[in-house]
Amino acid sequence: MLFPLASVRFFSMRLALLFLSFAPALLQAQTPPDLERERADFSSWMASALNSPLATRAVVPVGAGVRIGPENSDVPFPGIDARVTEQRGTLTLRIAGSDRTLPRYRPVTSGELTVMALGEPGRTLLVVYGGSRRSKTPFYYPYNNAAVYVGAIQPTAHTAVRVLTLEGMEVEATEAGTVSVPDGAGSIRLRVYRIPEAGTEESELMIFFRDGTSDKGSYPAGRFVTLLPLPDGRYRLDLNRARNPFCAYNSVYPCPAPWPGNTFATAIEAGERYQRSTGQE
Amino acid sequence: MRVRLLVPLLLLGLAATLKGQQIDGPWGAVLDLAGGPLRFSLYMRAGSLPNICNGDQCSRASRLVVRGDSVLIEIADYGATINAQIRGDSMVGSYRNVGNRGPRVIPFRARRSGWRAEAPPRWLIGRWDAWFVQDGRKSPRVFEFRNTEPGLEGTVLSNTGDYGLFWGHAVADSFSMGHFDGSFVYMLTGRLDGDTLRGLFHAGLRTQTPWVAVRSTGAPHLKQPTEITGADTSSAFRFSFPDVNGHLVTQDDPRFRGKVVLVDIFGTWCPTCHDAAPLLTRLWNRYHDRGFEIVGLAYEVTGDSAADGRQLRIFQQKFSIPYPLLLAGVNDTQAAALTQPQLQGFTSFPTSIFIGRDGRVKKVHAGFWGPATGPQHQVLVHDFEQTIERLLAE
């Protein structure tokens with residue numbers, strides 16, 4: 001069972017409340033500076049990065065090749081005439097009559113067009129960026145310090161499973177185990193998958209969950225949250241850090257299917273919110 | 001009028017100098033990973049490129065901008081930056097690099113004056129056989145710990161090479177060592193528990209892997225580097241890639257015919273390949289007159305031959321490399337493996353392929369034990385020399 005961080009700090013919190021009782025609302029809504037910075041960084045990345053989901057035009061499997069250009073192309077893009085092909089795992093971008101090898105997991109720009117190849121050879125997804133950029137700013141529930149838990153992962157069978165990541169890419173994840181957290185009067189065991197970072201020793205322990213706010217204030221398909229390791233080998237689950245999959249920002253991304261069992265009975269009013277598009281964006 | 005203009009200009013110049021003086025010198029820096037602080041050193045001087053150092057091993061950043069109290073360090077090779085604000089004798093900010101799910105940001109802080117060298121305890125020094133344990137799977141590693149002038153140094157070796165030089169400190173029965181070169185963020189923390197070391201290996205901000213280690217008995221713990229990648233030896237080894245000037249170079253080029261050739265599969269982005277380059281250059285200089293050649297097949301980052309060619313030229317100049325470097329592809333192990341159909345089980349950069357005078361593969365050495373591995377590096381150097389001597393004599 002992961003313990004609410006608020007209870008670990010109960011004694012010091014009581015002292016804090018004693019001195020801050022004049023501003024309980026402020027205490028409730030106070031977002032820690034590191035999370036504040038993280039959110040500001042993410043907003044700025046969304047607004048300006050070449051590979052931001054707000055700049056994405058299409059996400060398509062490379063398969064037998066993808067043409068980007070005139071209206072009847074796989075990806076219509078006025079003013080561009082490009083083709084991406086894959087042969088024995090090597091990707092080639094042909095644009096303006098010349099070929100260049102396309103790396104994976106790295107945005108490549110040529111004029112107005114930016115593309116990025118994701119996934120393994122033979123199952124490559126091509127993300128096409130460029131043209132007009134959507135404007136959507138992530139927004140969040142007020143900080144909820146009751147939604148932060150600390151504890152250990154309970155190991156399970158460590159089975160390999162293919163899942164869609166937050167950015168809609170299919171990867172082979174490993175079930176790292178479960179974490180148990182309070183859910184109303186009872187508790188819920190949340191499944192944790194280890195999502196590898198291609199080409200590095202790194203990976204993220206992620207939980208994709210739904211809850212009482214899904215489609216009622218938060219994204220209908222669910223939200224992702226990453227477990228943060230602590231120096232003593234335990235983990236912090238901070239549901240204030242729950243974030244939407246990229247399909248919430250741009251419908252060209254495939255949306256991950258909910259992970260079995262990871263549905264809270266109660267509403268988790270913490271982390272990123274979602275408002276359905278009004279069609280006016 | 002001139003005097004009036006000069007005074008503010010002089011003041012501006014003085015201010016710039018003062019700001020410059022503010023950053024000059026060594027800084028004891030920290031990346032605050034979720035698993036604890038990773039220590040490294042920054043050596044800065046206004047008007048020069050800053051050095052990012054683990055112990056006495058440094059890599060140079062590509063740009064330093066100081067404006068007022070703001071410091072920006074660019075690490076162009078990895079598309080990474082350190083942004084910080086100077087506050088008296090401290091700097092506070094963040095390290096960030098490009099990510100596909102959002103920016104990867106790690107809190108950064110530093111204080112003036114470098115880290116003090118602390119002699120590590122004797123119980124830690126030496127070689128340890130370790131197992132990394134993740135999701136029920138165990139994979140072998142070897143730790144090498146040394147007492148050096150800058151303090152505790154060492155490295156982590158895997159079946160396919162080492163993780164670069166780690167530097168750190170030990171207190172009582174615990175130790176913490178880090179490796180940060182502007183891109184890779186690794187930290188090894190552990191504690192002595194009886195005769196066993198136990199701890200965590202941290203990679204980046206959010207990955208930590210438990211490990212357990214016992215003192216090495218000398219018996220092999222890792223796979224031999226020559227047992228990892230196989231090769232088709234039934235016919236001559238073939239390659240055909242352009243050099244930085246766009247000229248196609250193949251195994252049939254007269255400079256390789258009838259020679260002993262070392263094919264170095266590498267990338268300029270790969271720190272271990274930087275460790276390997278000086279040795280390969282030394283070997284070329286020593287054996288070239290006796291019929292030895294080297295060709296580097298580079299798997300680069302962008303796939304843009306102009307940009308990748310520039311990186312290759314910089315690499316060639318940096319290490320005074322006398323042998324040809326060819327642009328073979330992009331740095332994707334799986335895709336690279338597909339461009340080398342005569343190799344089986346290609347897994348690591350660098351990989352050294354030794355070709356005999358008959359053009360056939362005689363030996364494939366996966367990975368590279370760099371100078372940080374100490375005795376292992378000496379073993380590798382000896383093995384490379386012996387192999388070349390033997391093939392030259394055939």
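All of these numbers come straight from a predicted model, not from anything done at the bench.

K.L.:
Help me get a handle on the overall build of chain A, residues and values and all.
P.N.:
Along chain A, the regular secondary structure elements total four helices and 18 strands. Within the span of chain A, comprising 281 residues, buried residues form 49% of the whole. Long-range contacts, defined as pairs at least 24 residues apart, comprise 55% of the intrachain contacts of chain A with a sequence gap of at least 6. For chain A, the computed accessible surface area is about 13,000 Å², with 54% contributed by carbon and sulfur atoms.

K.L.:
Describe the pattern of salt bridges, listing the residues and the values that go with them.
P.N.:
Under the counting rule described, the total for this entry stands at 33 salt bridges over all chains. The salt bridge involving Arg 101 of chain B is made with Glu 204 of chain A; its shortest N-O contact spans 3.3 Å. Residue Arg 101 of chain B is found in the loop between β8 (90-97) and β9 (104-112), and its partner Glu 204 of chain A is found in strand β15 (residues 203-209); the two belong to separate chains. Residue Glu 204 of chain A is classed as buried on the basis of its relative accessible area, which comes to 11%.

K.L.:
How would you explain the sheet that holds β15 of chain A if you had to name every residue and give the values?
P.N.:
Residue and element names in this part refer to chain A. Taken together, the five strands give an open sheet; going across it, the order is β12-β13-β14-β15-β16, and neighbouring strands pair in antiparallel fashion. Two strands close off the open sheet at either side, each with one partner strand: β12 (160-164) and β16 (223-226). Taken pair by pair, the neighbouring strands of this sheet meet at an average axis angle of 45°, ignoring direction. Strand direction decides the pairing type here: strand β13 (residues 170-183) and strand β14 (residues 186-196), joined by nine bridges, are antiparallel. By the bridge assignment for β14, Val 179 is matched with Leu 190.

K.L.:
So, the state of the cysteines: which residues are in play, and what are the values?
P.N.:
Structurally, a disulfide amounts to a covalent bond that connects the sulfur atoms of two cysteines. All names here are of chain A. Counted according to the given criterion, the structure contains three disulfides over all chains. The disulfide bridge from Cys 247 ends at Cys 255, spanning 1.9 Å between sulfur atoms. Disulfide Cys 247 to Cys 255: torsion about the S-S bond roughly 70°, handedness right-handed. Cys 247 gets classed as buried once you look at its relative accessible area, which sits at 7%. When the bonded cysteines of chain B are counted from the start of the sequence, the pairing works out to 1-2, 3-4.

K.L.:
Which residues make up empty space enclosed by the protein, and what values go with them?
P.N.:
If a probe the size of a water molecule is rolled over the atoms, the empty space left behind becomes visible. Scanning the model with the defined rule gives two cavities of 30 Å³ or more in all. Estimated volume of the largest cavity: approximately 50 Å³. Lining the largest cavity are Asn 51, Met 116, Leu 118, Val 127, Tyr 129, Glu 167, Phe 246 and Tyr 253 of chain A together with Asn 100 of chain B. Those elements that provide at least two residues to the lining of the largest cavity are β9 (113-118) and β10 (125-129) of chain A.

K.L.:
I'd like to hear about the interface of chain B and chain A, residue by residue, with values.
P.N.:
The extent of an interface is frequently quoted as the accessible surface area lost upon association of the parts. Taken together, the contact between chain B and chain A spans 37 residues of the former and 44 residues of the latter. In this assembly, chain B packs against chain A so that about 3,500 Å² is buried in total across both faces, 47% of it on carbon and sulfur atoms. On the chain B side of the interface with chain A, the three residues burying the most area are Asn 100, Arg 101 and Arg 206 of chain B, jointly 28% of the side's total. One can count eight salt bridges joining chain B with chain A. In this structure, Glu 38 of chain A engages Arg 206 of chain B in a salt bridge whose closest nitrogen and oxygen atoms are separated by 3.9 Å. Elements with a contribution of two residues or more to the side of chain B that touches chain A: β9, β11 (137-148), β17 (196-203), β18 (207-215) and α4 (333-339) of chain B. The element that contributes the greatest number of residues to the side of chain B that touches chain A is α4 of chain B, accounting for four residues. The class makeup of the residues in the side of chain B that touches chain A is 14 nonpolar, 14 polar and nine charged.

K.L.:
An account of helix α5 (residues 375-393) of chain B is requested, with residue identities and associated values reported.
P.N.:
Residues and elements named next belong to chain B. The terminal C-alpha atoms of α5 lie 27 Å apart, and with 19 residues this matches the ideal 27 Å at 1.5 Å per residue to within 8%. Listed in full, the buried residues belonging to α5 are Gln 376, His 377, Leu 380, Val 381, Phe 384, Thr 387, Ile 388, Leu 391 and Leu 392. For α5, the arc enclosing every buried residue in end-on projection is 145°, short of the 170-degree limit, so these residues lie on one face. Turned more than 90 degrees away from the buried face of α5, the exposed residues are Gln 378 and Ala 393.

K.L.:
Can you lay out the domain arrangement of chain B for me, pointing to particular residues and giving the numbers?
P.N.:
Residues and elements named next belong to chain B. When cut into domains, chain B gives domain 1 (2-112), domain 2 (122-215) and domain 3 (225-393). A straight line from the C-alpha centre of domain 2 to that of domain 3 covers 29 Å. Of the residues lining the interface, 15 residues belong to domain 2; the matching set on domain 3 comes to 16 residues. Between domain 2 and domain 3, a total of about 1,000 Å² is buried, with carbon and sulfur atoms accounting for 57% of that surface.

K.L.:
I'd like to hear about the nonpolar core, residue by residue, with values.
P.N.:
Judged by nonpolar contacts, the single largest core of 57 residues is most densely connected at Phe 239, Phe 292, Leu 297, Phe 349 and Ile 353 of chain B. Contributions of two or more residues to this core are made by β22 (260-266), α2 (271-287), β23 (292-300), α3 (305-318), β24 (325-330), β26 (351-355), β27 (361-366) and α5 of chain B. When residues in this core are grouped by element, the largest group, eight residues, is from α2 of chain B. Phe 239 of chain B has contacts with Val 249, Thr 250, Gln 251, Phe 256, Val 295, Leu 297 and Leu 326 of chain B, leaving out every residue within four places of it along the chain. By size, the runner-up hydrophobic cluster in this structure holds 31 residues, among which are Met 46, Met 169, Met 206 and Trp 259 of chain A.

Procedures and definitions
- Residues numbered from 1 in each chain as written.
- Chains lettered and ligands numbered in written order.
- Predicted model: local features only at pLDDT ≥ 70, side-chain atom pairs only at ≥ 80, totals over all residues.
- Heavy atoms only, no water.
- Helix = DSSP H or I, 4+ residues; strand = E, 2+ residues; numbered from the N terminus.
- Buried < 20%, exposed > 50% of the residue type's maximum accessible area, 1.4 Å probe, protein only.
- Contact = heavy atoms within 4.5 Å.
- Areas by Shrake-Rupley, 256 points an atom, 1.4 Å probe, with all protein chains shown as cover.
- Salt bridge = Lys/Arg side-chain N within 4 Å of Asp/Glu carboxyl O.
- Pairing = 2+ DSSP bridges.
- Axes fitted to C-alpha atoms, helices over the stretch in contact; angles between N-to-C directions.
- Disulfide = S-S within 2.5 Å.
- 1 Å grid on protein atoms, 1.4 Å probe; cavity = no way out; pocket = protein on both sides within 12 Å on 5 of 7 lines; lining within 4 Å.
- Points joined across faces, edges and corners; volume = space filled by probe spheres on them.
- Buried area = accessible area lost by both parts, 1.4 Å probe.
- Nonpolar A, V, L, I, M, F, W, Y, C, P; charged D, E, K, R; others polar.
- Expected span 1.5 Å × (residues − 1).
- Arc of directions from axis to C-beta.
- Domains from an automatic or database assignment.
- Core = buried A, V, L, I, M, F, W, Y, C linked by side-chain atoms within 4.5 Å.

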